[in-house]
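Next come the chains, spelled out residue by residue.
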There are 2 protein chains.
Amino acid sequence: MGNRIPTSRDLARLAGVSQSTVSRVLTNSPRVNAETRARVLKVLEEANYTPHALARAMKTGRTGSIGVFMSRVTSPFHSTMLDLIGRRLSDLGLQMILWNVEHDPQETVRQVIHQRLVDGFVFTSATFSSELHTLALSSGTPTVLLHRGVDDFGGDQVLGDNWQGAYDLGRYLVQAGHTEIGLVTSPISVSTARDREQGFRAALADAGVRLPQRNVRRGPFNHADGHRSARSLLARRSPPTAIFAVTDMLGFGVLDGARSLGVRVPDDVWVAAFDNTDMASWEAFDLTTVDQPVQGIVEAGIERLRHRIAESSSEPTAATVTKLSCELVVRGSTAHTPVERT
Amino acid sequence: MGNRIPTSRDLARLAGVSQSTVSRVLTNSPRVNAETRARVLKVLEEANYTPHALARAMKTGRTGSIGVFMSRVTSPFHSTMLDLIGRRLSDLGLQMILWNVEHDPQETVRQVIHQRLVDGFVFTSATFSSELHTLALSSGTPTVLLHRGVDDFGGDQVLGDNWQGAYDLGRYLVQAGHTEIGLVTSPISVSTARDREQGFRAALADAGVRLPQRNVRRGPFNHADGHRSARSLLARRSPPTAIFAVTDMLGFGVLDGARSLGVRVPDDVWVAAFDNTDMASWEAFDLTTVDQPVQGIVEAGIERLRHRIAESSSEPTAATVTKLSCELVVRGSTAHTPVERT
């Protein structure tokens, strides 16, 4: 049979029985006599045939697969999260089916639900506009959001405390004497960016430091955009003395944008970001950033999902939103006293 | 039924027939009368039930899933390759089941084959010692190796021409006048590293330039190792005037190692690498490197795999090894004339 999965016809021929008898054996039907069942099972064994997803699923109601939706697997933070999710699922003996959500996710999720391909969903790229999670949740498929949340989502969420982490960072900058501060962020439609911006603004407001619109730049979460934003902020007559980029990736772009103008970090401008990816500690960046406890987020999120899958036949318990605290990590990109400007 | 896959018992109860009748309908058994079949199909439709992997597979011999084995999804080159593989499979309507191969890959592959979870395998992290691919191939499951090859592998492989790319880079360095050259590479057990080292050595040999053992450093493919290797090469009394790191990731570490010693690139030492990841073009690195046509590798590899899956019932055609050429990309890390040393 080469690589092909033996069809019921193949197996029936080998066992000298009808296809429906093979199907009865595969589905544990009581209506097969012991001798016939033994003969079919022997053939299955000789054909090295193991009942597959559905055969198992039709007995247990489980597929053993978890669907993971992730955008931007090429970003350092997301690839680290993917690595941890994959290892955790593998430790638990579960298969990870991975989709890049840019790819018509609505339709994909509809099909996956319709075909019941997975026991549960992990979403790591929620946006406010996204209907994916509601779609998944309303189908009754256990669903957990990691890293990015949705305010009115009825299901479980495990997130970093982005508001608090950004508040601590903002307070650190104003306490160091900065009053002209730049913010490089993204469209407001992503919870991580929104909460980081709000926490940061709150810290400045509490210290009586204004964050004028002219100091704010918005764009995609990529290096090129951080680069562009830094150049437009730093080319001004009185540029900010500190810049907060809401992700490490944007922060790397800001550092390179400053480099491209010959602006020295931290002597001329402080740069700080959020995520604490491995790269942030490299000499090339030496970036002050807020640590997201990605391992804790992944472990707590998958635990939550397993709990949902286990209880899904009984009455579900209330949805939970777990927020893990994020800690400021000070490095060379802010480690000197700022330049006083008049 | 909540999120559960309806079991044959559920469906049978709803249709008022026996489980084995449901099974007959699911497997298209002729031994169900039209009226009963209609009733069962109506119930399946009302239960929003679509035949799942095995039900489809038992008719078609296909699962619609491709198994991808990849190590180090956190390295920039590998995460880019993963992104491209995911998009390509998604375009083709195939599911990607992803495993990190550090995780007892032998046993995982054995189970996947045994349970016939996938129609084919993509391996991106072959090592010479690996039995994975032989295991997969001997099971009759269509299998393709991307990026990293195995010399005596009986199946299809799509690789960059690592030997040729490294030869071109080596020739570029010696033609620029370098005679004291460092090599930062990995254990020889990976085809990419081996072929790059051999091509590089051949270029130096053809130009009469020696590569003494004291100029070679070996270790894992990570930033910390490139960093350590650069420091040990550059701390020497007469250090190399150029260093070739066999991957961009090692190259980033070499650049940071030089930075940590206050050694200027390219003024004091040239640095070049291999892969041309996006990061190589950032100001932080501005790294001369050899471009691997990762998109071409992924597209050709998946095409090859689809061909195998399509022919797998007939007599298989001979295995092919495709090598795509790799082009030198010169950037600031080598763009000045080297410092002459005596």
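Note that the structure is predicted; figures quoted are calculated from it, not measured.

### Side note on the overall build of chain A
Summing up its helical and strand segments, chain A has 12 helices and 12 strands in all. Sorting the 342 residues of chain A into buried and exposed places 61% on the buried side. Sequence separation of at least 24 residues holds for 68% of the intrachain contacts in chain A that already meet a minimum separation of 6. Only carbon and sulfur atoms are counted for the fraction: they give 51% of the accessible area of chain A, which is about 13200 Å².

### Some points on the confidence of the model for chain A
Low pLDDT means the predicted coordinates in that region are not meant to be read closely. All names here are of chain A. Put simply, chain A has an average pLDDT of 86, and 85% of its residues get 70 or more. Contacts from residues 338-342, a stretch scored under 50 in pLDDT, to residues over four places away or in other chains number 10 contacts. Taken together, the chains of this predicted complex give a pTM of 0.83 and an interface ipTM of 0.82.

### As for the environment of Arg196(B)
Residue and element names in this part refer to chain B. Considering the arrangement of structural elements, one finds Arg 196 in helix α9 (residues 191-206). Taking relative accessible area as the criterion, Arg 196 reaches 2% and is therefore assigned buried. Taking the C-alpha atoms as reference points, Arg 196 and Gly 170, separated by 26 residues in sequence, lie 9.9 Å from one another. Excluding residues that lie within four positions of it along the chain, Arg 196 makes contacts with His 147, Asn 162, Ala 166, Phe 244, Val 246, Thr 247, Phe 274, Asp 275 and Gln 292.

### Section: the side chain of Thr334(A)
All names here are of chain A. Structurally, the position occupied by Thr 334 is in the segment after β12 (327-329). Using a relative accessible area of 1% as the deciding quantity, one classes Thr 334 as buried. Among the polar contacts made by the side chain of Thr 334, one reaches the side chain of Thr 288 at a distance of 2.7 Å. When neighbours within four sequence positions are excluded, Thr 334 is seen to be in contact with Tyr 172, Pro 266, Trp 270, Val 271, Ala 272 and Thr 288.

### Some words on the sheet that holds strand β7 (residues 216-218) of chain A
Residue and element names in this part refer to chain A. Pairing is mixed in the open sheet, where 6 strands are placed in the order β7-β6-β8-β9-β10-β12. Bordering the open sheet on either side are β7 and β12, each of which pairs with just one other strand. Across this sheet, the average inter-strand angle for adjacent strands is 20°, counted without regard to direction. Looking at chain direction, strand β10 (residues 288-291) and β12 are connected through 3 bridges and run antiparallel. When the bridges of β12 are listed, Val 290 appears paired with Leu 328.

### Points about the pattern of salt bridges
Summed over the entire model, instances satisfying the criterion amount to 36 salt bridges over all chains. Asp268(A) serves as the salt-bridge partner of Arg264(A), at 2.7 Å between the closest nitrogen and oxygen. Overall, the relative accessible area of 19% leaves Asp268(A) in the buried class. Two residues, Arg308(B) and Glu311(B), come together in a salt bridge whose shortest N-O distance is 2.5 Å. With Arg308(B) and Glu311(B) both in helix α12 (residues 294-311) and 3 residues apart, the pair spans about one turn of that helix. For the pair Arg308(B) and Glu311(B), one class covers both residues: buried.

### Some remarks on the environment of Asn33(B)
All names here are of chain B. Positionally, Asn 33 belongs in the loop between α2 (19-26) and α3 (34-46). Among the polar contacts listed, one links the side chain of Asn 33 to the backbone nitrogen of Glu 35, at a separation of 3.0 Å. Among the polar contacts listed, one links the side chain of Asn 33 to the backbone nitrogen of Thr 36, at a separation of 2.8 Å.

### A closer look at the packing of helix α5 (residues 76-91) of chain A against helix α12 (residues 294-311) of chain A
Two measures define how a pair of helices packs: the angle their axes make with one another and the distance between the axes. Residue and element names in this part refer to chain A. For the pair α5 and α12, the least separation of the axes is 10 Å and the interaxial angle reads 45°. One way to sum up the angle between α5 and α12 is to call them oblique. Judged by the twist between their axes, the crossing of α5 over α12 is right-handed. Packed against α5, whose contacting residues are Phe 77, Thr 80, Met 81, Leu 84, Ile 85, Arg 88 and Leu 89, the element α12 presents Val 294, Gln 295, Val 298, Glu 299, Ile 302 and Glu 303 at the interface. Considering only residue class, the contact of α5 with α12 consists of 8 nonpolar, 2 polar and 3 charged.

### Brief notes about the packing of helix α10 (residues 223-234) of chain B against helix α11 (residues 248-261) of chain B
All names here are of chain B. Contact geometry of α10 with α11 gives a least axis separation of 6 Å together with a crossing angle of 45°. By the angle between their directions, the pair α10 and α11 is classed as oblique. Regarding α10 and α11, the two cross each other, and that crossing is right-handed. Only Met 249, Leu 250, Phe 252, Gly 253, Val 254, Asp 256, Gly 257, Ala 258, Ser 260 and Leu 261 of α11 make contact with α10, whose side of the interface consists of His 223, Asp 225, Gly 226, His 227, Ala 230, Arg 231 and Leu 234. Looking at the contact of α10 with α11 residue by residue, the class counts come to 8 nonpolar, 6 polar and 3 charged.

### Side note on the sheet that holds strand β7 (residues 216-218) of chain B
Residues and elements named next belong to chain B. Ordered by their spatial adjacency, 6 strands build an open sheet running β7-β6-β8-β9-β10-β12, and the pairing between neighbours is mixed. Two strands bound the open sheet, and with one partner strand each, they are β7 and β12 (327-329). With strand direction ignored, the average angle separating the axes of adjacent strands in the sheet is 20°. Sheet analysis places strand β6 (residues 181-185) next to strand β8 (residues 242-245), joined by 4 bridges and oriented parallel. In the strand pairing of β8, Val 184 is matched with Ala 245.

### Quick look at the nonpolar core
The tendency in soluble globular proteins is for nonpolar side chains to be buried side by side. Membership of the largest hydrophobic core comes to 88 residues, with the highest contact counts inside it found for Phe200(A), Phe285(A), Phe200(B) and Phe285(B). When neighbours within four sequence positions are excluded, Phe285(B) is seen to be in contact with Trp282(A), Ala284(A), Phe285(A), Phe252(B), Leu255(B), Asp256(B), Arg259(B), Met279(B), Ala280(B) and Ser333(B). Grouped together as the second largest cluster of nonpolar side chains are 46 residues, Val294(A), Ile297(A), Val122(B) and Val298(B) included.

Conventions and cut-offs
- Residues numbered from 1 in each chain as written.
- Chains lettered and ligands numbered in written order.
- Predicted model: local features only at pLDDT ≥ 70, side-chain atom pairs only at ≥ 80, totals over all residues.
- Heavy atoms only, no water.
- Helix = DSSP H or I, 4+ residues; strand = E, 2+ residues; numbered from the N terminus.
- Buried < 20%, exposed > 50% of the residue type's maximum accessible area, 1.4 Å probe, protein only.
- Contact = heavy atoms within 4.5 Å.
- Areas by Shrake-Rupley, 256 points an atom, 1.4 Å probe, with all protein chains shown as cover.
- pLDDT = per-residue confidence, 0-100.
- Polar contact = N/O pair within 3.5 Å; in protein donor to acceptor, adjacent residues only side chain to side chain.
- Pairing = 2+ DSSP bridges.
- Axes fitted to C-alpha atoms, helices over the stretch in contact; angles between N-to-C directions.
- Salt bridge = Lys/Arg side-chain N within 4 Å of Asp/Glu carboxyl O.
- Parallel < 35°, antiparallel > 145°, perpendicular 65-115°, else oblique.
- Left-handed = near helix turned anticlockwise from the far one by under 90°.
- Nonpolar A, V, L, I, M, F, W, Y, C, P; charged D, E, K, R; others polar.
- Core = buried A, V, L, I, M, F, W, Y, C linked by side-chain atoms within 4.5 Å.

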